[in-house]
Amino acid sequence: MSEHVEWSEPEAAAAPVTAVITPADAADAARLVAFGLQPKLQPARDQEYAELLRRYREDPPFARLADAVAAGLGLVVLEVSPRAGMAVTAAEDSVFAVRMGDYARRTAADSGDRFLHGLAHLSVAAMAFPRPEDLADDGYIGRVTVNGVDAFVRQACRRLEERADEQGMNTDPATDAPGLEAAWRIWVRRSSTGATKDARRLAGSTTGIVGKAAAFLTDSGFLQRTGDDNGGTYRTTARYQLQVRDMAGSAAMAELLELGVVPVTDGTASLLPAEDTEDLELVADAGLPFHS
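Residues numbered from 1 in each chain as written. Predicted model: local features only at pLDDT ≥ 70, side-chain atom pairs only at ≥ 80, totals over all residues. Heavy atoms only, no water.

Colleague: Please give an account of the sheet that holds strand β4 (residues 223-227) that cites residues and values.
Modeller: Strand order in the open sheet formed by three strands is β3-β5-β4, with antiparallel pairing between adjacent strands. On the outer flanks of this sheet lie β3 (143-145) and β4, each paired with one strand and no other. Ignoring which end each strand starts from, the neighbouring axes of this sheet average 35 degrees apart. Relative to strand β5 (residues 233-236), β4 runs antiparallel, the two sharing four bridges. Paired with Gln 224 across the two strands is Arg 235, which belongs to β5. Its contacts with the sheet place helix α7 (residues 146-166) against β3 and β5, and it is angled at close to 80 degrees to β3. The strands touched by helix α9 (residues 206-219) within the sheet are β4 and β5, with β4 carrying the most contacts at an inclination of about 120 degrees. (Pairing = 2+ DSSP bridges. Helix = DSSP H or I, 4+ residues; strand = E, 2+ residues; numbered from the N terminus. Axes fitted to C-alpha atoms, helices over the stretch in contact; angles between N-to-C directions. Contact = heavy atoms within 4.5 Å.)

Colleague: Which residues make up a negative patch on the surface, and what are the values?
Modeller: Among the surface-exposed residues, Glu 161, Glu 162, Asp 165 and Glu 166 lie close enough to one another that they form a single negatively charged patch. Note on placement: Asp 165 falls in helix α7. (Patch = residues over 30% accessible without salt bridge, like charges linked within 9 Å, V, L, I, M, F, W, Y side chains within 5 Å. Areas by Shrake-Rupley, 256 points an atom, 1.4 Å probe, with all protein chains shown as cover. Salt bridge = Lys/Arg side-chain N within 4 Å of Asp/Glu carboxyl O. Lys, Arg positive; Asp, Glu negative; His and termini not counted. Charge placed at Lys NZ, Arg CZ, Asp CG, Glu CD.)

Colleague: Describe the nonpolar core, and please don't skip the residues or the numbers.
Modeller: Taken as a class, soluble globular proteins show a tendency for nonpolar side chains to be buried jointly. In terms of nonpolar packing, the biggest core is built from 32 residues, with Trp 187 and Tyr 240 touching the most fellow members. Of all elements in the fold, only α5 (113-128), α7, α8 (180-189), α9 and α10 (238-247) reach the threshold of two or more residues within this core. Setting aside residues no more than four positions away along its own chain, Trp 187 makes contact with Leu 116, Leu 119, Ala 120, Asp 150, Val 153, Arg 154, Cys 157, Thr 206 and Val 210. Judged by nonpolar contacts, the second largest core, of 19 residues, contains Val 33, Phe 62, Ala 70 and Leu 75. (Core = buried A, V, L, I, M, F, W, Y, C linked by side-chain atoms within 4.5 Å. Buried < 20%, exposed > 50% of the residue type's maximum accessible area, 1.4 Å probe, protein only.)

Colleague: Summarise α7; cite the residues concerned and give the values.
Modeller: Between its first and last C-alpha, α7 extends 31 Å over 21 residues, near the 30 Å set by a 1.5 Å rise per residue. What α7 keeps buried is the set Val 146, Gly 148, Val 149, Asp 150, Phe 152, Val 153, Arg 154, Ala 156, Cys 157, Leu 160, Arg 163 and Ala 164. Where α7 begins, one side-chain oxygen reaches toward the backbone nitrogen of Gly 148, 2.8 Å away; that side chain belongs to Thr 145. (Expected span 1.5 Å × (residues − 1). Polar contact = N/O pair within 3.5 Å; in protein donor to acceptor, adjacent residues only side chain to side chain.)

Colleague: Any chance you could break down the confidence of the model for the protein for me, citing the residues and the numbers?
Modeller: When the pLDDT values of the protein are averaged, the result is 74; 65% of them are 70 or greater. Within the protein, the element-level pLDDT minimum falls on helix α11 (residues 251-257), averaging 56, and the maximum on helix α2 (residues 47-58), averaging 96. Below a pLDDT of 50 lies the segment residues 173-178, which in the model reaches 11 contacts outside its immediate sequence neighbourhood of four places, other chains included. Taken as a whole, residues 261-288 scores under 50 in pLDDT and shows 70 contacts with residues more than four places along the chain or in a different chain. (pLDDT = per-residue confidence, 0-100.)

Colleague: Explain the side chain of Thr 236 residue by residue, including any values.
Modeller: Inspection of the secondary structure assignment puts Thr 236 in strand β5. On the basis of relative accessibility, which here comes to 5%, the residue Thr 236 falls in the buried class. Polar side-chain contacts of Thr 236 include one of 2.8 Å to the backbone nitrogen of Gly 142. If we ignore the near neighbours within four places in the chain, the residues touching Thr 236 are Ala 128, Phe 129, Tyr 140, Ile 141, Gly 142, Phe 222 and Leu 223.

Colleague: Help me get a handle on the pattern of salt bridges, residues and values and all.
Modeller: When their charged atoms lie close together, side chains carrying opposite charge are able to pair. All told, the structure shown has 13 salt bridges when counted by the stated rule. For the salt bridge of Glu 58 with Arg 54, the shortest nitrogen-to-oxygen distance reads 2.4 Å. Of this pair, Glu 58 and Arg 54 both sit in helix α2, four residues apart, which is roughly one turn of the helix. By relative accessible area, Glu 58 is classed as exposed at 54%. Taking the relative accessible area as the measure of exposure, Arg 54 reaches 32% and is therefore partly exposed. Put simply, Arg 83 and Glu 79 hold a salt bridge, and the shortest N to O gap is 3.0 Å. Among the charged side chains, a network of salt bridges with common partners joins Asp 25, Asp 28, Arg 55 and Asp 59.

In structure tokens:
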């Protein structure tokens, strides 16, 4: 007698379980992004911020939700960690983007000063992290001073002037010409401190411009002021290191590093030339952390 065997349809594979996103989850993700937009806020000093960071690292669906909220606001997430918090930077089309032209117009009416303000920000970044290994080391803390940055730029100006003389270049091009070759001519013609009787720093002087850059970076959570010596002393934050990493490959940074100028802070660090730096231009709006 043959055994009767019943055939049945194979059971359908279980549908993947999709995590349900609740309005509370969306609110928490938006709250985390809001914390990230407060660059001076430290996670170690805010329990809610620290808890949301922990959830981001341990809950992948929540992390994707927070990333999506940031992307919808035109923000790029650089890092999410206890040391940096939720470090974000604004994409060019973001409503949070700061533009060099707007920044310069708030400080001076002369459109040529946009070059100087951009060069000041670029030079602060170069002096803060003068070597590739400094930029790569999460534990590295850069230190800069206002007078030191001004001296560094003037040293770079001397190098550019020497290069122009060697190449027989025009020594007085139009001030709106692209590249550092034009920027140094504007910088060296500007007084370091101004012409007040008590030698106070004027906003339009080169140290005034560097001081404005340092104050802006401090307000943005990129630098911390540590003293008043040498026009003001500052130390870098984790957020600033991430920001400089993000722009380290820019044409403007590459052109400055190509000069091989040694920062005047202690004489030990060196700026190494980047590869393929020929034919690069520094646009008038270049500078950290701005968009053109």
